[in-house]
Amino acid sequence: MNEPILTMQQVGRVHGDGHTAVTALAEVSLEVRPGELVAVTGRSGSGKSTLLNIAGGLDRPTSGSVAVDGVDLARHSTTQLAEVRRRRIGVVFQHGNLLPTLSAIENIALPLELDGVSPKQAKQAAVEALESVGGAAFAERFPDELSGGEQQRVAIARGLIGDRGLLLADEPTGALDEVTGERMLALLRAACDRGAAALLVTHDPAQAAWADRVVRLRDGVIGSVVENTATVESSATVAGRGDRP
């Protein structure tokens, strides 16, 4: 069996100290292998976003360990960690987090350019990524010229571009209508079918149905893990669904 791309072992995260300390995660262990899409569900404040941030090296655990491609993230310097995130981890934030001074196409191409890809090649890849989310019409617009849904499409394209082994998505379809949201989930599912590993934070059971496993968090602890014996659709059907208007 393929080795896990993401390994979290006994991960804890406490904010503050003393009588003001708040436990966001407690002894969470989780593995995600190539080809797997794992949905993380739970009520607001259950630790979903904290788990995602720690998995992507955006936050550090108070205890336990997190490894990507078998390497403990704690062993990386800040510079090395930024390089790992840029090369191997794609993140789709809940609210886009686009750079306001860059156009949509420039936001998408930036991670590749920072990784040494030529501007021409990076732009071509960005064009293809933006077309895949139906955003070709607003390629040259800036974030403040885009609707919330358009910004989210750009964020999804940026998160999926390049050879990312680990994809992290925090409520990625919150600003999208139902049909467009399904298209975006189809793209995430297709990336996993090509060999990526993905964590999807969602409160929507219909979105969780796209996953291979559903992990439910309760007060920072994994309350249950449910295997999806039949995900929404097969890879072949998903590819077609992603082309729906």
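Right, let's walk through the structure included here. Just so we're clear, the structure is a prediction, and the values are computed from it rather than from any experiment.

Comments concerning the side chain of R13
And then number 1: With respect to the element layout, R13 can be found in strand β1 (residues 6-15).
And then number 2: A relative accessible area of 16% places R13 in the buried class.
And then number 3: A polar contact of 3.1 Å, which involves the side chain of R13, links it to the backbone oxygen of R60.
And then number 4: Among all residues touching R13, those that are not within four sequence positions of it are V22, T23, A24, L25, T50, I54, D59, R60, P61 and T62.

Overview of the sheet that holds strand β9 (residues 213-218)
And then number 1: In space, the six strands of this open sheet follow the order β6-β7-β8-β3-β9-β10, with mixed pairing throughout. Lying at the two open borders of the sheet, with one neighbouring strand each, are β6 (89-92) and β10 (221-227). For this sheet, the mean inter-axis angle between neighbouring strands, taken without regard to orientation, is 15°.
And then number 2: Here five bridges tie strand β7 (residues 166-170) to strand β8 (residues 197-201), and the two strands are oriented parallel to one another. What sits directly across from L167, in β8, is A198.
And then number 3: Packing against the sheet, helix α1 (residues 48-55) makes contact with β3 (37-41), β6, β7, β8 and β9, and its axis sits at approximately 155° to β7.
And then number 4: In the packing of helix α5 (residues 148-160) onto the sheet, the strands contacted are β6 and β7, and the crossing angle to β6 comes to about 170°.

Quick word on the sheet that holds strand β5 (residues 71-72)
What links the strands of a sheet is backbone hydrogen bonding, and the strands pair in either a parallel or an antiparallel sense.
And then number 1: A sheet is described by the order of its strands in space; here four strands give the open sequence β2-β1-β4-β5, paired in antiparallel fashion. Looking at strand neighbours, the two that pair on one side only are β2 (22-32) and β5, the edges of this open sheet.
And then number 2: Each of β1, β2 and β4 (63-68) touches α1; the most contacted strand, β1, lies at about 125° to it.

So, the pairing of β3
A regular strand places its side chains on the two faces of the sheet in alternate fashion.
And then number 1: Burial analysis of β3 places five of its five residues in the buried class, which makes it a mostly covered element.
And then number 2: Burial along β3 is two-sided: the residues L37, A39 and T41 and V38 and V40 are all buried.
And then number 3: Pairing between β3 and β9: four bridges, direction parallel. Its bridge partner lying in β9, A39 is registered against V214.

What counts, and where the lines are drawn
- Residue numbers run consecutively from 1 along every chain, following the written order of its sequence.
- At least 70 in pLDDT is required for a residue's local features to be given in this predicted model, at least 80 for side-chain atom pairs to be given and counted, and no such filter applies to totals for whole chains, interfaces and linings, which use all residues.
- Calculated side-chain values reflect all of the structure's heavy atoms, with hydrogen atoms and water omitted.
- Strands here mean DSSP runs of E at least two residues long; helices mean DSSP runs of H or I at least four residues long; both are numbered from the N terminus.
- Here the term buried applies to any residue with accessible area under 20% of the maximum for its type, exposed to any over 50%, and partly exposed to those in between, with areas from a 1.4 Å probe on protein chains only.
- A 3.5 Å cut-off defines polar contacts: any pair of N or O atoms within that distance qualifies, except that in protein one atom must be a possible hydrogen donor and the other a possible acceptor, and neighbouring residues in sequence count only when both atoms are side-chain atoms.
- By definition, residues are in contact when any of their heavy atoms lie within 4.5 Å.
- Pairing between two strands requires that DSSP report at least two bridges joining them.
- What counts as an axis is a line fitted to C-alpha atoms, over the stretch in contact for a helix, and the angles between N-to-C directions run from 0 to 180 degrees.

The quantities given are spatial measurements derived from coordinates; they are silent on function.
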